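Observations on the model geometry
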Amino acid sequence: MKGVILAGGTGTRLGPFTKLLNKHLLPVGHYPMIYWSIEKLGNSGIEDILIITNEKDLNDFKIVLGNGNHLGVNIEYAIQPYAGGISHGLFYAKDFVKEEKFVLLLGDNIFEDALLPYVEKFLKQNEGAKILLKRVHDPERYGIATVDNSTNQITSIIEKPKNPPSNLCVTGIYMYNNDVFHYIDKLKKSERGELEITDINNIYISEKKLTYEILNGWWIDAGTHDSLFRANQLVQKKFNKLGNDKNE
C-alpha cells in the first residue's frame, strides 16, 4: 500500500507567512506540519510516499524532506500545476500508485488516531473506498456526511451546508484503489472551477462502495491561524506527556 500527501494550494488563510513559505512547512510542535502526515503513514507500515505540491515550493520540500530516508520512508514528488481541487491534485498520483491501494492525506490535517487499524480494515475491503469522519461543533465549515444507521452506510456528502444534516465531518483522510482515477477522468468542474473530492466520494456512495470509520481522538484542519495555534497546543501537550512518561 502507498501513501499520497497533498501539499499544494495557496494557503491564503495563513497569510502573510504563506507568501514566503508553503503552509505545510510551517511549524506544528517541534516539526514542520507535513512531518505529521509522513509519521502517520510510516507508523502504519506505508513506506512509499508521494508528496504533491506546486512548482514554486517543490525545492523547499526537497531541502526539508529529501528522499525521506532520515524519516524511515521513501519520498517521491509530483507537481500540481495549479490549484484545481483535491481530485485534480490526486490525478498526478496515477503513475505513482499504479495498481496498488493507497491512503490520501491532506497535509494540513493533524490528528491523534493511529492510521494502522483503519488501513488494516481497508486492505481487507474487496472493493470501493473508505473515508474517515469526525464529529465537529462547526459542521457548516466542512463536507458533511449523512449516515443511515440501519444499514451503516453513508447516504450523501454535502459540501459546507448552510443547514448541516449531521455533525459528521469528512476529514482529509481517504483510502482508495486505482479505480479512483477512472472516476476523476469523468468529473466536471464545480462552481468553484475545481474537481471536487466530494464528487468522487458521492460516486462511490451511489455505487454503495464507500465505507467509513469515525475518528476517536482529536482532529484539526490546521489551515487557519486559530486552528494552527490549536494544533500546536495539542501536539505540544503530547510531547510534554511523552517527556513526563520517560522521566517517571
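Up top is the structure these notes are about.
Here's what I pulled together on the structure shown here.

Aromatic rings in a pair are described by how distant their centres are and how their planes are angled relative to each other. For the structure shown, the criterion picks out nine aromatic pairs. Here the aromatic rings of F102 and F181 are separated by 5.9 Å at their centres, their planes lie at 20 degrees, and the arrangement is stacked. On the criterion of sequence distance, the pair formed by F102 in strand β6 (residues 102–106) and F181 in helix α6 (residues 180–186) is long-range, its members being 79 residues apart. Each residue in the set F102, Y174, Y176, F181, Y183 and Y204 is aromatic and connected to the rest through ring pairs, giving one cluster. A cation over a ring is seen here: K2 above F96, with NZ or CZ 4.7 Å from the ring centre. Residue placement shows K101 over the ring face of F122; its charged tip is 4.5 Å from the ring centre.

Using the criterion set out here, one finds one cavity of 30 Å³ or more in the structure. Taken as a whole, the largest cavity spans an internal volume of roughly 90 Å³. Along the walls of the largest cavity sit W36, S37, K40, N109, I110, F111, E112, W218, V235 and K238, which together make up its complete lining. Among the elements of the structure, α1 (33–43), β7 (109–111) and α8 (225–247) are those that each provide at least two residues to the lining of the largest cavity. Of the residues belonging to the lining of the largest cavity, the class tally is five nonpolar, two polar and three charged.

Once that is clear, we can look at the side chain of Q80. When you line up the elements, Q80 lands in the loop between β5 (74–79) and α3 (86–91). When neighbours within four sequence positions are excluded, Q80 is seen to be in contact with I52, T53, N54, G85, H88, G89 and Y92.

Grouped together as the largest cluster of nonpolar side chains are 34 residues, with contacts concentrated most on L90, F102, L104, I131, I154, Y176 and I200. Sequence-distant contacts of F102, defined by excluding residues within four places in its chain, comprise M1, K2, V4, L90, V97, F122, Y174, M175, Y176, N177, V180 and F181. Within the second largest apolar cluster, 30 residues are counted, among which are I46, I75, L132 and V136.

With that out of the way, let us pick up unusual backbone geometry. In this structure, P16 follows G15 across a cis peptide bond, with omega equal to 5 degrees. A positive phi angle, near 60 degrees, is found at N152, a position not held by glycine. Topologically, N152 is positioned in the loop between β9 (143–148) and β10 (153–159). One non-glycine residue, K160, lies in the positive phi region at around 45 degrees. For K160, the location among the structural elements is in the loop between β10 and β11 (168–176). K160 gets classed as partly exposed once you look at its relative accessible area, which sits at 47%.

On to the side chain of D221, then. Tracing the backbone shows D221 in strand β13 (residues 219–221). The side chain of D221 sits in the buried core without any salt bridge; R13 is the nearest counter-charge, 4.1 Å away.

Within β6, five of the five residues are buried, which leaves it mostly tucked inside the rest of the structure. As paired elements, strand β1 (residues 2–6) and β6 share five bridges and run parallel to each other. Following the sheet pairing, I5 is matched in β6 by L105. Two elements, β6 and β11, share four bridges in a ladder whose sense is antiparallel. By the bridge assignment for β11, V103 is matched with M175.

This part is about the packing of α1 against helix α2 (residues 58–65). With their axes 12 Å apart at the nearest point, α1 and α2 run at an angle of 60 degrees to one another. The angle between α1 and α2 falls in the class oblique. The crossing of α1 and α2 is right-handed. Residues I34, Y35 and I38 of α1 lie in contact with α2, whose contacting residues are F61, V64 and L65. Its residues placed into classes, the contact of α1 with α2 shows six nonpolar, no polar and no charged.

Once that is clear, we can look at α2. Among all positions of α2, only L58, F61 and L65 are buried. Summarising the axial view, the buried residues of α2 lie within an arc of 65 degrees, below the 170-degree limit, and thus occupy one face. Residues of α2 that are buried make contact with α1, β4 (48–53) and β5. The first or second residue beyond α2 is G66, which carries a positive phi of 55 degrees.

Calculation criteria
- Residues numbered from 1 in each chain as written.
- Predicted model: local features only at pLDDT ≥ 70, side-chain atom pairs only at ≥ 80, totals over all residues.
- Heavy atoms only, no water.
- Phe/Tyr/Trp six-rings, centres within 6.5 Å; stacked < 30°, edge-to-face > 60°.
- Helix = DSSP H or I, 4+ residues; strand = E, 2+ residues; numbered from the N terminus.
- Lys NZ or Arg CZ within 6 Å of the ring centre and 35° of its normal.
- 1 Å grid on protein atoms, 1.4 Å probe; cavity = no way out; pocket = protein on both sides within 12 Å on 5 of 7 lines; lining within 4 Å.
- Points joined across faces, edges and corners; volume = space filled by probe spheres on them.
- Nonpolar A, V, L, I, M, F, W, Y, C, P; charged D, E, K, R; others polar.
- Contact = heavy atoms within 4.5 Å.
- Core = buried A, V, L, I, M, F, W, Y, C linked by side-chain atoms within 4.5 Å.
- Buried < 20%, exposed > 50% of the residue type's maximum accessible area, 1.4 Å probe, protein only.
- Lys, Arg positive; Asp, Glu negative; His and termini not counted.
- Salt bridge = Lys/Arg side-chain N within 4 Å of Asp/Glu carboxyl O.
- Pairing = 2+ DSSP bridges.
- Axes fitted to C-alpha atoms, helices over the stretch in contact; angles between N-to-C directions.
- Parallel < 35°, antiparallel > 145°, perpendicular 65-115°, else oblique.
- Left-handed = near helix turned anticlockwise from the far one by under 90°.
- Arc of directions from axis to C-beta.

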